[in-house]
Amino acid sequence: MPELNLTSAPAHLRHGSNIGQPLTRRDGILKVKGQATYAADNHPPGMLFAVMAVASIARGRVTSLDVDAAKRHPGVVDVMTPSHKPQLAVDPEIKTNPFVFRMEVLQSDEVRYANHPIAVVIAETLEAATEGAALLAPRYEVLPALVGLDAGESFVPPVVGVGNPAEHHHGDVEAGLASAEKQIDAVYETPPQYHNAMEPHAIVASWDGDRLSVDMPTQGLMMSLARIAELFGITHDKIHIRSPFLGGGFGSKGLMAGPQTLGIMAAKLVGRPVKLVLRREQMYGPVGHRAPTRQRLRIGADGEGRLTGLDHHARTVSSTFDDFYEPAADASHTLYAAPAIRTAHDAVRVNTGTPLFMRAPGEATGSIALESAIDEMAWACGIDPLAFRLKNYAEVEPITGKPFSSKALRACYEQGAARFGWAQRALQPRQMRDDAGLLVGWGMGTATFPALMFQAEARAAIRRDGSGVMEIGAHDMGQGAWTALAQIAADAVGLDIDRVAFKAGTSDLPDAGIAGGSAHTATAGAAIHSAGAAVIAKLADLATGDERSPLFGAGNAGVIARDGRLLRRDDESRGESYAEILARAGLAEVEARGTGAPNPAAMQEYAMHAHGAVFAEVKVDPELGQVRVTRMVGAFAAGRIVNPHLVKSQLFGGMIWGLSFALHEEAITDRRTGRIMNANLGEYHIPVNADVPPLDVITVEEHDPHVNALGIKGVGEIGITGSAGAVANAVWHATGVRVRRFPIRIEELLTQR
Amino acid sequence: MKPFDYVRPGTVAEAVAAAAQPGAVYLAAGTNLLDLMKGGVSRPDRLVDVTHLDGLDQIEHLADGSVRIGALVSNADLAHDADFARSYPAVAEALLSGASAQLRNAATVGGNLLQRTRCAYFYDTASRCNKREAGSGCDAREGENRSHAVLGWSDSCIATHPSDFCVPLVALDAIVEIEGRNGRREIPLDALHRLPGDAPERESALEPGDLIVAVRLPPAARGFAAHARYLKVRERTSYAFAVVSAAAALRIENGKIREARLALGGVAAKPWRARSAEDVLGNVAPTADAFQEAALRALTDAKPSGDNAFKIELARRIVVRALTLAAAGTPARLPALPASPFASIPGAIHA
């Protein structure tokens, strides 16, 4: 693809290094002008439009499709069905690794969930394909749908999340609870939620012989490439995927899903390029969601308010045909210093698309329950919720006993509480009112998310003109990778950011790993850092080994790279530019590769997590039960902050999602049919601007020498944790009503006057 | 998408003739209709685009003291018309509490009156719905029906009318001017929408070809300007339909209510005029007790149609609050968060 013209706005004044600067996003002007090309903006010559027909039942079998009627419709080119489709090279039911999910690609007439794709209509226009899909008029053999957390017999899944054991024990929980002076035993419910990225899943696929070209938003270019290669039986080098911009992913674009595969199959079937874009309601099924949970927390505390035991059990659901289990109870592993902790999960199978990672999977659902329960326990002990949390502050990771690689949570509590004015809080609920008579409540929650690292590689080069190149197949989901990773790249090669051609977003670049787990900046950043160091080392070799260079004899360790020059460390007046070194050596460029990866030794020794503290104020109408969040303060410690401006936006987004979790978001499933009744952005409520209060984010300084070379922990997901609980706790503090089913609804607050 | 004819008549008479054909529907802004068509809920054969008809986009203040609002006036233009908002503040507040700014810029007065229910089972073509397909059954009745009707519903249909705008209009005795095959006629807005009974597919008193050309507020409607509010409880502050809403308008003289108007939204298949509540408010002081009594009266006939018993108690409380706010006096400016219980949060940006 053509090199992106990322602008250099005048605001990009640089003082010192690039890392740490609050640069505005370099792709911002492209996006504002509508020049950022998202997948569905591509229209290769001869392209056809594909529209999926999806099942309106949640369980059963398709018994007939009126393919002839669809084909007769003007403009319809072909209809792909289970009996008329290109063959795949492997059975899509086979899981070749844990990151492969079973997908629905017309392999049979079985219907597993509502919105299961049952046919694809391919036409000259979107309108013709849409009407063709309607004309299929499917008939079904309907079986009773399995719906909800009590749909069937529960079982203990082999693992939850990605490879976590379903149960964890540390100490004797029953003894701890039995010895407690105060006990809490409470059940919390969270609903199914859908990622609802602004940009729907889309694909434009073109075959040229056995070569495949794909425009598709993905959070995992190389994983998608590998999956496509496997499904279609072609080698990696035959596939080119472009994903320069994503309109949000939140986990739903992490894995290759059925609909994108259907787009590639459709292009193969008709021998022309095909575009397939999901309708909003079609995103409620085949592309993942956050599973509902029912969580029981039993907590004990002694007379001083110290935890004696913590038992966190989570029930969740998975699909009838694949396994993903929301690891909600695992949220209790790291935060509070209970001497005995048990976490456990069980699940039932329901007729749903397979659940998936959704922003802070496990942490978000678990956090709202845990933070609510901790709040309930603080109240039971008659202790301020912040004081209670400090009393039970974990100096080592409770579930493992490992020290933390760094943990500035105390500073988060202090700075957040000071900014919020927490000290003025009444201990009792329903004590505070504003001038208009509205109930006022203050609540808090602790935020946490693991500092993860995946595998990545980057390629760096210094060119004859002294400029740099950094290539990595990284993903910008809107979080700002085009900017933050370019900042890391610029420092890595000792150049100003505008002197480095930063290339990302395509599958022909080195593997950046998945943009997930809040680990992308850390992982890709580490690879970039290491590639930069390697190319500078090569350049230094050229210079220090050449007697014509002022750096001759300085040795690698004695040279530093800055502003496009290598300088002697012990005498910075002696140095020369990259261009001079390459010119003398007669080279067009030097290049090197570097990798980023987790450090198993450090992981063995340390628990690695980002932390934070979120404080929320709500107002509640005492008669009408309507809730409004009026203030939120979040203080987060997440290691090194590469770009404070973008990090703040990430944390704002997470906090808003936490507010949404507590008060708005819920997919409403018809209990009889398993159909989702609010599969649109009008009725699936997320906060609008008018629901979002002034947000205040503090990034607390934290140096972590262990997580990775750059000390980055990641900020993508932590903002939602803590925030949801803080809002829920504030509602309790305002009203005295403890709502344990989320989102909190008006009717639950109507009980009092 | 199903192919359809598109006609753009030059006159009202041509429009009426074009729309009188079976399968024809009017298209104004299309903020509801186009969604219905995309979802396969509505599959018309012919769209009669009325947006180019002359003379339907005026707000006229008539000599007798009434105001006549052309059917093509946008929701936003009407709400932001200073004279109109001053004279009919509850109507302006209701308009600004509806939909989103983008939708209000497009949506028309006539279209607002005729918007369809937001019952999820009506929109979901895989579900049975007597409104969408007469006699097919009602899947909402035993379904997810927390937001459904508590007044005037039947076993055939428990859907609600979603309009905010219509609620104060019906309280103020708005009149609908209709052009039809037999010429012009007018009916009270209260008679435009029908309760479901056993024919929920018939939603209004309109006949094929009937075109709403204007809505008129009679001279007496101005008399409530000093004490008129709209209050809407909803699940987020904007772009959400009412769980329950109420329009309250009072004419207060010498410390006594001379005349009260009250209507509820989100509770029935039509904007619900609560006349029995109005009756108990005539010639009484605007006290909490009087408002409580009115609230009880307004909901006397209410009964849950599903998981929505809370709406009855909520409606009572909203009636009391709306009357209390109205008695306190119309604010000089439309509130920053129109119709919200949090209308006057300091620092909020005015609508």
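Residues numbered from 1 in each chain as written. Chains lettered and ligands numbered in written order. Predicted model: local features only at pLDDT ≥ 70, side-chain atom pairs only at ≥ 80, totals over all residues. Heavy atoms only, no water.

Going by what an unreviewed UniProt entry lists, chain B is known as Xanthine dehydrogenase family protein subunit M and is assigned to Bradyrhizobium cajani.

The name given to chain A in an unreviewed UniProt entry is Molybdopterin-dependent oxidoreductase, with Bradyrhizobium cajani as the source organism.

J.: With reference to specific residues and values, describe the overall build of chain A.
T.: Looking only at helices and strands, one finds 15 helices and 29 strands in chain A. For 753 residues, the compact-globule formula gives about 27 Å, and the C-alpha radius of gyration of chain A, at 27 Å, lands near that figure. The principal-axis extent of the C-alpha atoms belonging to chain A is close to 85 × 75 × 50 Å. Split into buried and exposed, the 753 residues of chain A put 63% on the buried side. Put simply, of all contacts in chain A between residues at least 6 apart along the chain, 80% involve residues at least 24 apart. Looking at chain A as shown, the accessible area adds up to about 26,000 Å², and 51% of this sits on carbon and sulfur atoms. (Helix = DSSP H or I, 4+ residues; strand = E, 2+ residues; numbered from the N terminus. Rg over C-alpha atoms; globule rule 2.2 N^0.38 Å. Buried < 20%, exposed > 50% of the residue type's maximum accessible area, 1.4 Å probe, protein only. Contact = heavy atoms within 4.5 Å. Areas by Shrake-Rupley, 256 points an atom, 1.4 Å probe, with all protein chains shown as cover.)

J.: Give me the interface of chain B and chain A: which residues, what numbers.
T.: Contacts between the two partners involve 41 residues from chain B, matched on the other side by 41 residues from chain A. Each partner contributes to the roughly 3,400 Å² buried at the junction of chain B and chain A, and carbon and sulfur atoms together form 52% of this total. Broken down residue by residue, the surface that chain B buries against chain A is led by Arg236, Arg317 and Phe342 of chain B, which jointly contribute 23%. Joining chain B to chain A, the criterion identifies seven salt bridges. For Glu747 of chain A, the salt bridge goes to Arg146 of chain B, with nearest N and O atoms at 2.6 Å. Our count for the contact surface shared by chain B and chain A stands at 20 residue pairs in polar contact (both at pLDDT 80 or more). Going through the elements one at a time, α8 (120-123), β9 (228-233) and α12 (310-328) of chain B are the ones with two or more residues in the side of chain B that touches chain A. Here the element with the most residues in the side of chain B that touches chain A is α12 of chain B; it accounts for six residues. (Buried area = accessible area lost by both parts, 1.4 Å probe. Salt bridge = Lys/Arg side-chain N within 4 Å of Asp/Glu carboxyl O. Polar contact = N/O pair within 3.5 Å; in protein donor to acceptor, adjacent residues only side chain to side chain.)

J.: Break down the nonpolar core for me, citing the residues and quoting the values.
T.: All names here are of chain A. Ile299, Val618, Met632 and Leu663 are the most contacted members of the largest nonpolar core, which has 85 residues in total. With nine residues, the top contributor of residues to this core is helix α7 (residues 363-381). Dropping the residues within four chain positions of it, Ile299 is found in contact with Leu177, Lys182, Gln183, Ile184, Leu307, Gly309, Leu310, Ala373, Ile374 and Met377. Core analysis: the second largest hydrophobic core is formed by 53 residues, Ala460, Trp482, Ala522 and Leu646 among them. (Core = buried A, V, L, I, M, F, W, Y, C linked by side-chain atoms within 4.5 Å.)

J.: Run through helix α3 (residues 126-135) of chain A, naming residues and quoting values.
T.: All names here are of chain A. Buried within α3 are the following residues: Ala128, Ala129, Glu131, Gly132 and Ala133. Those residues of α3 that are buried lie in contact with β1 (48-54), α2 (67-72), β3 (76-80) and β5 (117-123). A positive backbone phi angle near 40° is found at Ala137, which sits one or two residues after α3.

J.: Give a detailed account of the packing of α7 of chain A against helix α15 (residues 723-735) of chain A, specifying residues and quantitative values.
T.: Residues and elements named next belong to chain A. Viewed as axis vectors pointing N to C, α7 and α15 meet at an angle of 40°, and their least axial separation amounts to 8 Å. Between α7 and α15, the crossing angle belongs to the class labelled oblique. Once α7 is placed against α15, the crossing between them reads as right-handed. Taking contact as the criterion, the partners of Ile368, Glu371, Ser372, Asp375 and Trp379 in α7 are, on α15, Ala724, Gly725, Ala728, Asn729 and Trp732. Classifying every residue of the contact of α7 with α15 gives five nonpolar, three polar and two charged. (Axes fitted to C-alpha atoms, helices over the stretch in contact; angles between N-to-C directions. Parallel < 35°, antiparallel > 145°, perpendicular 65-115°, else oblique. Left-handed = near helix turned anticlockwise from the far one by under 90°. Nonpolar A, V, L, I, M, F, W, Y, C, P; charged D, E, K, R; others polar.)

J.: For the pairing of strand β8 (residues 211-217) of chain B, give the residues involved together with the corresponding values.
T.: Residue and element names in this part refer to chain B. The buried fraction of β8 amounts to seven of the seven residues, a majority that puts the element mostly inside the structure. The pairing of strand β5 (residues 67-70) with β8 spans four bridges and is classified as antiparallel. The partner of Gly70 across the bridge, within β8, is Ala214. (Pairing = 2+ DSSP bridges.)

J.: Let's hear about the UniProt feature "domain: Aldehyde oxidase/xanthine dehydrogenase a/b hammerhead" (unreviewed entry) in chain A: which residues, and what values?
T.: The UniProt record marks residues 33-144 of chain A with the feature "domain: Aldehyde oxidase/xanthine dehydrogenase a/b hammerhead" (unreviewed entry), using the residue numbering of this structure. With 14% helix and 27% strand, residues 33-144 of chain A has its two end C-alpha atoms placed 50 Å apart. (UniProt positions renumbered as here; feature names shortened; annotations may be inferred.)

J.: Describe in detail the pattern of salt bridges, supporting the description with residues and values.
T.: In total, this model carries 85 salt bridges over all chains according to the counting rule given. For Arg410 of chain A, the salt bridge identified is with Glu395 of chain A, shortest N-O distance 2.7 Å. On the criterion of sequence distance, the pair formed by Arg410 of chain A in helix α9 (residues 409-420) and Glu395 of chain A in the loop between α8 (385-391) and α9 is long-range, its members being 15 residues apart. Among the residues examined, Glu395 of chain A registers a relative accessible area of 52% and is labelled exposed. For Glu293 of chain B, the salt bridge identified is with Arg297 of chain B, shortest N-O distance 3.3 Å. Taken together, the residues span about one helical turn, with Glu293 of chain B and Arg297 of chain B both in helix α11 (residues 288-298) at a distance of four residues. We classify Arg297 of chain B as partly exposed; its relative accessible area is 36%. Beyond isolated ion pairs, a larger network of salt bridges with shared partners links Asp173, Arg251, Glu253, Arg258, Glu259, Arg261, Arg273 and Glu278 of chain B.

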